[in-house]
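A closer look at the structure
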Amino acid sequence: MSERAFRIWRGTAAGGEFGEHRIDVDEGMVVLDVLHRIQAKQANDLAIRWNCKAGKCGSCSMEINGRPRLACMTRMNLFADRETITVQPLKAFPVIRDLVTDVSWNFEQNKRIPPFRPGPKGSDGQYRMHQKDVDRVQEFRKCIECYLCQDVCHVLRDQSRKDAFVGPRFMIRLASLEMHPLDTADRIPAVRKEFGSGFCNITRCCTEVCPEHIEITDNGIIPLKERVVDRFYDPLLWLGRKIFGR
Amino acid sequence: MLNVSEIQTFEHDVLVIGAGGAGLRAAIECSARGLSTGLVCKSLLGKAHTVMAEGGVAAALGNLDRRDNWKVHFRDTMRGGKFLNQWRMAELHARESPDRVRELEEWGAVFDRTKDGLISQRNFGGHRYPRLAHVGDRTGLEIIRTLQDHAVHKGFGIYMECTALDLHLDAGRIAGVLGYWRESGRFVLFRTRAVILATGGGGRAWRITSNSWEYTGDGTAMAYEAGADLMDMEFTQFHPTGMVWPPSVRGILVTEGVRGDGGVLLDSRKERFMFRYIPEKFADETAATEEEANRWLAGDKTARRPPELLTRDVVARAITQEVSEGRGSPHGGVYLDIASRLPAETIRKKLPSMYHQFKELAEVDITRQPMEVGPTLHYFMGGVRVDSDTQMSTVPGLFAAGECATGMHGANRLGGNSLSDLLVFGRLAGIGAEQYVKGLGAAPRIDEEQVRSAVRRATAPLNRDAGANPYVVHDDLQGVMGRHVGIVRTEAELLSALKELDRLKRDALGVKAPGVSQYNAAWHEALDLRSLLITAEAVTRAALMRQESRGAHTRLDFFGEREEWQKVNVIVRKAQDGQMETRAETRPGPPRDLAAIAHASIEDLEAGRV
Ligand SMILES: Cc1cc2nc3c(=O)[nH]c(=O)nc-3n(C[C@H](O)[C@H](O)[C@H](O)COP(=O)(O)OP(=O)(O)OC[C@H]3O[C@@H](n4cnc5c(N)ncnc54)[C@H](O)[C@@H]3O)c2cc1C
Ligand code: SF4
Ligand code: SF4
Ligand code: FES
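Residues numbered from 1 in each chain as written. Chains lettered and ligands numbered in written order. Predicted model: local features only at pLDDT ≥ 70, side-chain atom pairs only at ≥ 80, totals over all residues. Heavy atoms only, no water.

Considerations on the packing of helix α1 (residues 21-32) of chain B against helix α12 (residues 417-439) of chain B
Residue and element names in this part refer to chain B. Between α1 and α12, the least distance of the axes is 7 Å, while the angle of their chain directions is 40°. The handedness of the crossing between α1 and α12 comes out as right-handed. On the side of α1, the interface is formed by Gly 21, Ala 22, Arg 25, Ala 26, Glu 29 and Cys 30, while α12 contributes Leu 422, Leu 423, Gly 426, Arg 427, Gly 430 and Ile 431. Grouping the amino acids of the contact of α1 with α12 by side-chain chemistry returns six nonpolar, three polar and three charged. (Axes fitted to C-alpha atoms, helices over the stretch in contact; angles between N-to-C directions. Helix = DSSP H or I, 4+ residues; strand = E, 2+ residues; numbered from the N terminus. Left-handed = near helix turned anticlockwise from the far one by under 90°. Contact = heavy atoms within 4.5 Å. Nonpolar A, V, L, I, M, F, W, Y, C, P; charged D, E, K, R; others polar.)

As structure tokens, then:
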């Protein structure tokens, strides 16, 4: 057991400041454990979101020493013994209280995406898909909606272009639908126009922070951008693919 | 005096409380049937417990072994539940789960595939054939996301981070629900003709649990307060394999999929101890030697199943005994070894989130080292008593589905049978609610005085000048349940628990939440205490009443299953005087055709002779 120093941002949309805490930390603890201990002993009303404590639900996103992370998967031994640990809410979204932010914008984006539309079933009443054809889609579907990628994407974070770009999370959601072997809807025009694929300039910051290690940029956004390019700059190629299969 | 008309109010035909698999599926059904539907949940959408489910969803699709069908699934479920399941529920579940799983595929779910391109299935404890449709070890995520993405286009009301506090009745029927927004602390009133509870279990009354903060037994407690019967509360499932080290992750689940894919349990001498714990009833269908178990794993259909895949109650008790007899691992568990059974690449592919979880939280590489595991409180078989076909509780207009309802799993749930339960009974609850709402005359009315007193009770912890710390009371409760109401129970222990619960109930009435009502964790904790205490007391009293050992309920002072207890369910209810009463209620006999299936030999079933 050792005593560690924490600085935790406390406040609301109206403003706030860092609270200083010194707290005993046991072997094997993650940052979320320490925050819970602080909550139980020193700051009873500290607002935090969490659910699974195992990196599966994407609730405990926050910025720890300046980097967007899941608090439940951030082990204390990541930090040097004397290092003060600074914890802040996600910056790309408006704060509600303390470490809790208003992420409702993301739910609105999801709702705008045209839903899955499957083709007809096979003659035996079953759908067939082969594993190799769904590996990529399954990679995208690992997303736990932690929004860490949204938090680091400069288009949302620094340029505040939430009006124009849905962000990496929803680019891969779009990709997972577009690459779904059973889906028949066409979202490519919307990917460019409504969802703003052109705003992404492939900095890969999103991929770097994804706790699910999804290759957001290389496997998701770039192929989507290619489909957009094919469609709008090489419509004949697209038509050919449409007719002769992908 | 508080003016009720100033409380923000919504009106619906049906309010679904809980947005896990059961709640989402129920809400989708209600809205598809034209009911004005609302869905409330304590967390954000998509974060409910269902998201954490790992191993898979059980359905007799027969994609890997064509001998599988609903009858075998039904038989496995009854045997796993030690014949205390509601026969009709186990039947409906086994018959309908394949359609519910295929329906998810139609809504966009992408399960792992067989070589023929169909939904793949894996082995799990107590299931005769590979039956669990899965996506690696993140099946729950796939299911909740599919339902969520389907639901958001259906146009019903979704109220996130909104906690329901009390059910309100009009002449004994459901009339509304009072809740509060976690974000602002403001109250909100739902006027509604029917309520579907889908709030999950109450594992947070224990310290070592796989459950998240949401599992405080709210639905169970709200139903109890509204006068509904609870049933089978003594059956709390301890999952045999939770993490044990480091202390801060103690209880976090290690999926049964590890054993389904070949993982073995070892004691400190590296011996596969499960061969020593095979119950007589299962001996015919369990491998006798390691050699036979290995052949089964390799696909030999004449070999029998390894004993690591016995039902959870058996495995959890075996681990407890190994540890108490001094053959445990350094941190008080046993070893679960997959490293020496599968190539590293396969482990990472089939169990990615287990690999990740151990690597990041315990610094253990499961492709090279064994895991240390021990039992963790995981699931409530008990809960709100419902009609098997309509899912209506004993309170008119109040329905329940998913983990907060009871009847489907009897004395012990098989892995994978929960996710399928959510889909089957979520949907049926929606249908039940539609029938009820359509048959209802005038809209029920909410009693304003009731609402005022509920608001006063809820705000007391904020308004009081001083009082106990709610976190400390919760911690105290967890200690009590861990000490006295664990895997093995005795009358003396249970009586001590009741005494301590009395003390805790008094403490809980005087807790203080400092600060304002906006997103105040201490206040939320203070409000959850009531549900936790009701749930804990119901478990304890039911456990005291059932004088036998069956499934997940083990009494050291009443060894083994007793014939007379097979014939009854323990019912818990709030009596007229406000005290908790328990009674043993005789079960109706099973329909003859179902009994024949459940007691048939596997050979007869496979050959279609039953
Ligand atoms: C780690 C883990 C792994 C598991 N793996 C499997 C598996 O592989 N296969 C399987 O079949 N089962 C598995 N289970 C069990 C299964 O996941 C759960 O039993 C199931 O998901 C419960 O679903 P539900 O819909 O009943 O409730 P939940 O998904 O728990 O949802 C409960 C909902 O109710 C809401 N709620 C609760 N109280 C209130 C209130 N007062 N007001 C408003 N809303 C409220 C919550 O916010 C939440 O939305 C696993 C469980 C765990 C913990
Ligand atoms: S790669 Fe694109 S989406 Fe990702 S952070 Fe950079 S700009 Fe944003
Ligand atoms: S893509 Fe990765 S970082 Fe982005 S929300 Fe999903 S899991 Fe989080
Ligand atoms: S609590 Fe679920 S991801 Fe951290």
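A word on the confidence of the model for chain B
Taken as a whole, chain B shows an average pLDDT of 95; of its residues, 100% reach a score of 70 or greater. Across the assembled chains, the prediction reports ipTM 0.95 with pTM 0.96. (pLDDT = per-residue confidence, 0-100.)

Remarks on the packing of helix α14 (residues 470-484) of chain B against helix α16 (residues 521-545) of chain B
All names here are of chain B. Packing of α14 against α16 brings their axes to within 9 Å, and their N-to-C directions diverge by 20°. The orientation of α14 with respect to α16, classified from their angle, is roughly parallel. Where α14 crosses over α16, the two elements pack in a sense that is left-handed. Contacts between α14 and α16 pair Pro 470, Tyr 471, Val 473, His 474, Leu 477 and Met 481 from the former with Ala 521, Ala 522, Glu 525, Ala 526, Leu 529, Leu 532, Leu 533, Ala 536 and Thr 540 from the latter. (Parallel < 35°, antiparallel > 145°, perpendicular 65-115°, else oblique.)

Looking at the site of ligand 3
Around ligand 3, the surrounding shell consists of Cys 143, Ile 144, Glu 145, Cys 146, Tyr 147, Cys 149, Ile 172, Cys 210, Pro 211 and Ile 216 of chain A. Its residues assigned to classes, the shell around ligand 3 shows nine nonpolar, no polar and one charged. (Near = heavy atom within 4 Å.)

Some thoughts on the side chain of Gln 478 of chain B
Residues and elements named next belong to chain B. Tracing the sequence through the fold places Gln 478 in helix α14. A distance of 2.9 Å separates a polar atom in the side chain of Gln 478 from the backbone oxygen of Arg 204. In this structure, Gln 478 is in contact with Arg 204, Ala 205, Trp 206 and Arg 207, ignoring residues within four places of it in sequence. (Polar contact = N/O pair within 3.5 Å; in protein donor to acceptor, adjacent residues only side chain to side chain.)

Observations regarding the interface of chain A and chain B
Listed as interface residues are 59 residues of chain A and, on the opposing side, 63 residues of chain B. Taken together, the two surfaces of chain A and chain B that pack against each other cover about 5100 Å², and 52% of this comes from carbon and sulfur. When residues of chain A are sorted by the area they lose upon contact with chain B, Asn 51, Lys 56 and Arg 141 of chain A head the list and together hold 14% of the total. Linking chain A to chain B there are eight salt bridges. Ionic pairing is found between Lys 56 of chain A and Glu 54 of chain B, a salt bridge with its closest N-O pair at 3.2 Å. Scanning the region where chain A abuts chain B turns up 37 residue pairs in polar contact (both at pLDDT 80 or more). Taken together, the elements giving at least two residues each to the side of chain A that touches chain B come down to α1 (31-41), β6 (95-97), α2 (104-112), α3 (131-140) and α6 (168-178) of chain A. Broken down by element, the residue count for the side of chain A that touches chain B peaks at five residues, all from α3 of chain A. (Buried area = accessible area lost by both parts, 1.4 Å probe. Salt bridge = Lys/Arg side-chain N within 4 Å of Asp/Glu carboxyl O.)

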